[in-house]
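Chain by chain, the residues:
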Amino acid sequence: SVSNGATYVIQVGLPEDYNPQTQKYGAIYVLDGEEIFDHVAQNCNTISSDNATSNILVVGIGYGNDRALDYTPSATDEGGGGAENFMFFIKNELIPRMENEYGADTLRKSRTILGHSFGGLCAAYAFTNHNEVFENYIVLSPSLWYDDELVLGLEQDHRDSNKIDHQLVFLGLGELENSGKMLAPFQAFHERLRDHYPSMAIKRHLEPGLGHRGSEKPNIIEGLKFYFENR
């Protein structure tokens, strides 16, 4: 990446009967790619088939820098604040390559970002500060507590311009993440999106009986179902 100097391993899952010469494809950009790329790709194949709709490219983004640098929007004791440069990498380097070499559709409505924990924080930051890039967001157990709930302030700062466009947002959390610092900003973010974005399709889901790590993969499935049913 010329944006931040890191080297990223990118995995690309292709739909069945993939033919970029005759078709353009939606794409989902998956943070923490080393950990969850296979799970996302397998379930995109299954869920798209179950819904009798076309499948999408699954783009797993590996760790170029430490995730606590790439996925955080400001520098604190918990993270390095590299999210802006990371988003420039996705926007200006990775997405054009997917469009040029893999037949990814160039329309905003065809792009999705998925992240969990610090990755969910980064996906929420993409929504607030780079809303022109993605129309669809799967935001799982986001660390919205980060830096005194900075992203909640960014949502308000950018609301007037961001609320004009359509978007699809899935917000997932584990039911057992209801103590401490996770639930309150998650609820606040959901309420703001629900109340102030008239063109948004939104779903909030609490995965029963599971905590932060345990809810990740079930919520990925729920988020993908919501995406394929509503895109």
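What you are looking at is a predicted structure, and each value in this text was computed from that prediction instead of being measured.

Colleague: Would you explain the overall build of the chain in this entry?
Modeller: A tally of regular secondary structure across the chain gives 7 helices and 7 strands. The helix and strand sequence of the chain, counted from the amino end, reads β-β-α-β-α-α-β-α-β-α-β-α-β-α. Against the globule reference of 17 Å for 231 residues, the chain gives a C-alpha radius of gyration of 16 Å, in line with a compact fold. In terms of overall dimensions, the chain has a C-alpha envelope of 50 × 40 × 35 Å along the principal axes.

Colleague: Just to check I follow, could you spell out the environment of leucine 173 for this structure?
Modeller: Inspection of the secondary structure puts leucine 173 in strand S6 (residues 167–174). According to the relative accessible area criterion, leucine 173 is buried, its value standing at 0%. Among residues more than four places away in sequence, those in contact with leucine 173 are Ser141, Met182, Leu183, Phe186, His205, Leu206, Glu207, Ser215 and Asn219.

Colleague: So what exactly am I meant to see when it comes to helix H1 (residues 33–50) here?
Modeller: Since there are 3.6 residues in each turn of an α-helix, residues three or four apart along the chain are aligned in direction. With 18 residues, H1 should cover 26 Å at 1.5 Å per step; its first-to-last C-alpha distance of 24 Å lies within 8% of that length. Looking only at H1, the buried set comprises Gly33, Ile36, Phe37, His39, Val40, Asn43, Cys44, Ile47 and Ser48. Considering only its buried residues, H1 is in contact with strand S1 (10–13), strand S2 (27–30), strand S3 (57–61), strand S4 (111–116) and helix H7 (216–230). Alanine 52 occupies a position one or two residues after H1 and carries a positive phi of about 50°.

Colleague: What exactly am I supposed to notice about the packing of helix H5 (residues 146–162) against helix H6 (residues 183–196) here?
Modeller: It is at 10 Å that the axes of H5 and H6 come closest, and there the two elements cross at 10°. Judged by the angle between their axes, H5 and H6 are roughly parallel. Counting all contacts with H5, which are made through Glu149, Leu152, Gly153, Glu155, Gln156 and Arg159, the residues of H6 involved are Pro185, Ala188, Phe189, Arg192, Leu193 and His196. Broken down by class, the residue content of the contact of H5 with H6 amounts to 5 nonpolar, 3 polar and 4 charged.

Colleague: Please explain the packing of aromatic side chains as it appears in this structure.
Modeller: Centre-to-centre distance and the angle between the planes together describe a pair of aromatic rings. Summed over the entire model, instances satisfying the criterion amount to 15 aromatic pairs. When the ring of tyrosine 29 is compared with that of phenylalanine 134, the centres are 5.9 Å apart and the planes differ by 65°; the resulting orientation is edge-to-face. Taken together, the positions of tyrosine 29 in strand S2 and phenylalanine 134 in the loop between helix H4 (118–129) and strand S5 (136–140) put the pair 105 residues apart, joining distant regions of the chain. As far as burial versus exposure is concerned, tyrosine 29 and phenylalanine 134 are alike and both buried. Aromatic pair tyrosine 71 and phenylalanine 86: ring centres 5.5 Å apart, planes at 55°, arrangement tilted. Here the residue tyrosine 71 occupies a position in the loop between helix H2 (67–70) and helix H3 (83–102), and phenylalanine 86 occupies one in helix H3, the gap between them amounting to 15 residues. Considered together, tyrosine 71 and phenylalanine 86 belong to a single accessibility category, that of buried residues. Among the aromatic residues, ring-to-ring pairing joins Tyr29, Phe127, Phe134, Tyr137, Phe189 and Tyr197 into one connected group. Looking at lysine 181, its charged tip hangs above the ring of tryptophan 145, at a distance of 3.9 Å from the centre.

How each quantity is defined
Residues numbered from 1 in each chain as written. Predicted model: local features only at pLDDT ≥ 70, side-chain atom pairs only at ≥ 80, totals over all residues. Heavy atoms only, no water. Helix = DSSP H or I, 4+ residues; strand = E, 2+ residues; numbered from the N terminus. Rg over C-alpha atoms; globule rule 2.2 N^0.38 Å. Buried < 20%, exposed > 50% of the residue type's maximum accessible area, 1.4 Å probe, protein only. Contact = heavy atoms within 4.5 Å. Expected span 1.5 Å × (residues − 1). Axes fitted to C-alpha atoms, helices over the stretch in contact; angles between N-to-C directions. Parallel < 35°, antiparallel > 145°, perpendicular 65-115°, else oblique. Nonpolar A, V, L, I, M, F, W, Y, C, P; charged D, E, K, R; others polar. Phe/Tyr/Trp six-rings, centres within 6.5 Å; stacked < 30°, edge-to-face > 60°. Lys NZ or Arg CZ within 6 Å of the ring centre and 35° of its normal.

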